[in-house]
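# Coordinate analysis (summary)
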Amino acid sequence: LNDPVIHSHLIASLDLSHLIPQTDNITAEGTVEANLYIDGKISELKDLHSKGEKKAMGSVNVQNLRLLIKDQGYDLNFVNGSGILDNHLLEVTRFVGAFNESAFHFQGKFENLDEYIIEKEKDLDGKFVLNFDYLDLRKLYSQNNQRTQQGNTKNILLYDGMSLDFEIQGKSIITDFG
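A brief report on the enclosed structure follows. (Residues numbered from 1 in each chain as written. Predicted model: local features only at pLDDT ≥ 70, side-chain atom pairs only at ≥ 80, totals over all residues. Heavy atoms only, no water.)

### Digging into the overall build of the protein chain
So the rule is basically this: Secondary structure elements follow DSSP: runs of H or I no shorter than four residues count as helices, runs of E no shorter than two count as strands, and numbering proceeds from the N terminus. Each residue's exposure class comes from its accessible area (1.4 Å probe, protein chains only) as a fraction of the maximum for that residue type: buried when under 20%, exposed when over 50%, partly exposed otherwise. Here, residues are in contact when the closest pair of their heavy atoms is within 4.5 Å. The method behind every accessible area is Shrake-Rupley, applied with a 1.4 Å probe, and residues are considered shielded solely by the protein chains displayed.
From N to C terminus, the protein chain includes four helices and eight strands. Starting at the N terminus, the α and β elements of the protein chain follow one another as β-α-β-α-β-β-β-β-α-β-α-β. For the protein chain, the residues scored as buried account for 30% of the 178 residues in total. Sequence-distant contacts, at least 24 apart, represent 58% of the contacts inside the protein chain between residues at least 6 apart. Surface exposure of the protein chain reaches about 11500 Å², of which carbon and sulfur atoms provide 53%.

### Points about the packing of aromatic side chains
Our working rule: Working definition: rings of Phe, Tyr and Trp (its six-membered ring) pair if their centres are within 6.5 Å, and the pair is stacked with planes under 30 degrees apart, edge-to-face with planes over 60 apart, and tilted otherwise.
Per the stated rule, a full pass over the model turns up seven aromatic pairs. Here F106 and F166 contribute two aromatic rings whose centre-to-centre distance is 6.3 Å and whose plane-to-plane angle is 35°, an arrangement assigned as tilted. With a gap of 60 residues between them, F106 in strand β6 (residues 102-110) and F166 in strand β8 (residues 162-174) connect regions that are remote in the sequence. The class of F166 is partly exposed, set by a relative accessible area of 42%. Every member of this aromatic cluster is reached through a ring pair, and the members are F106, F110, F128 and F166.

### Some words on the sheet that holds strand β5 (residues 89-99)
Put simply, the rule is: The rule for pairing is simple: two strands pair if DSSP sees at least two bridges between them. Inter-axis angles, ranging from 0 to 180 degrees, are taken between N-to-C directions of lines fitted to C-alpha atoms, where helices are fitted over the stretch in contact.
Spatial strand order, β1-β2-β3-β4-β5-β6-β7-β8: eight strands in an open sheet with mixed pairing. Sheet topology places β1 (5-15) and β8 at the edges, where each strand pairs with a single neighbour. Each adjacent strand pair in this sheet contributes to an overall mean axis angle of 15°, direction not counted.

### A short note on the nonpolar core
Cut-off, in case you're wondering: We define a nonpolar core as any set of buried Ala, Val, Leu, Ile, Met, Phe, Trp, Tyr and Cys residues linked to one another through side-chain atoms lying within 4.5 Å.
Within the largest apolar cluster, 26 residues are counted, with the highest numbers of intra-cluster contacts made by L65, F95, F104 and F106. Elements represented by at least two residues in this core include exactly β2 (26-41), β3 (56-69), β4 (74-86), β5, β6, α3 (113-118) and β7 (124-136). A total of five residues in this core trace back to one element, the largest contributor, which is β7. Those residues in contact with L65 that lie beyond four places of it in its chain are L16, E29, G30, T31, V32, L76, N77 and F78.

### Here's the deal with the pattern of salt bridges
We count it as follows: Any carboxyl oxygen of Asp or Glu within 4 Å of a side-chain nitrogen of Lys or Arg constitutes a salt bridge here.
The tally for this structure, following the rule as stated, stands at three salt bridges. The closest approach of N and O atoms between D86 and K54, which form a salt bridge, is 3.0 Å. Of the two residues, D86 is situated in strand β4 and K54 in the loop between α2 (45-50) and β3; the sequence distance between them amounts to 32 residues. Of the residues examined, K54 reaches a relative accessible area of 45% and is grouped as partly exposed.

### Focus: the pairing of β7
Taken together, the seven bridges between β6 and β7 define a ladder with antiparallel strand orientation. Its bridge partner being in β7, H105 is matched across the sheet by N131. Of the pairings in the sheet, the one linking β7 to β8 comprises twelve bridges and is parallel in character. Looking across to β8, one finds that F128 is bridged to F166.

Note that all results are geometric; they support no functional claim without further evidence.
As structure tokens, this is what we get:
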């Protein structure tokens, strides 16, 4: 995208079970509700924000999201969560969920959503905080290690072109490393 001018108001309720086809390996379910408004050029959002003008705003809420990937042994549940769009900022105000039954709380924000959309070489910047009492990473490591041993050295990162700062606060992390 070069520098689109967008005039839109989106109000939606998405049922992931209808959006992502279920297979023997993948199950997705839950609801995403969005109310987003954008009016103007993407490149102007940061300047307008500093002037106190809102040209992009809205909210996104999730309820009972679940992504189960059986062959990977991943079960990701988001009990509930919410986020807000404020011009060029996309803030995850609250996300409560579990990864393979290890509960977590997650919050943070993407700080340059506008630049990431219109500039091809710009990384998406963000800062996030992840809180948990117990997190078991053994399945995550063993699946990645198994792929490497099978000769599949494909980049397993879910998102390329992102520069994300994570503050991780936890009491216990379980790994194969001890």
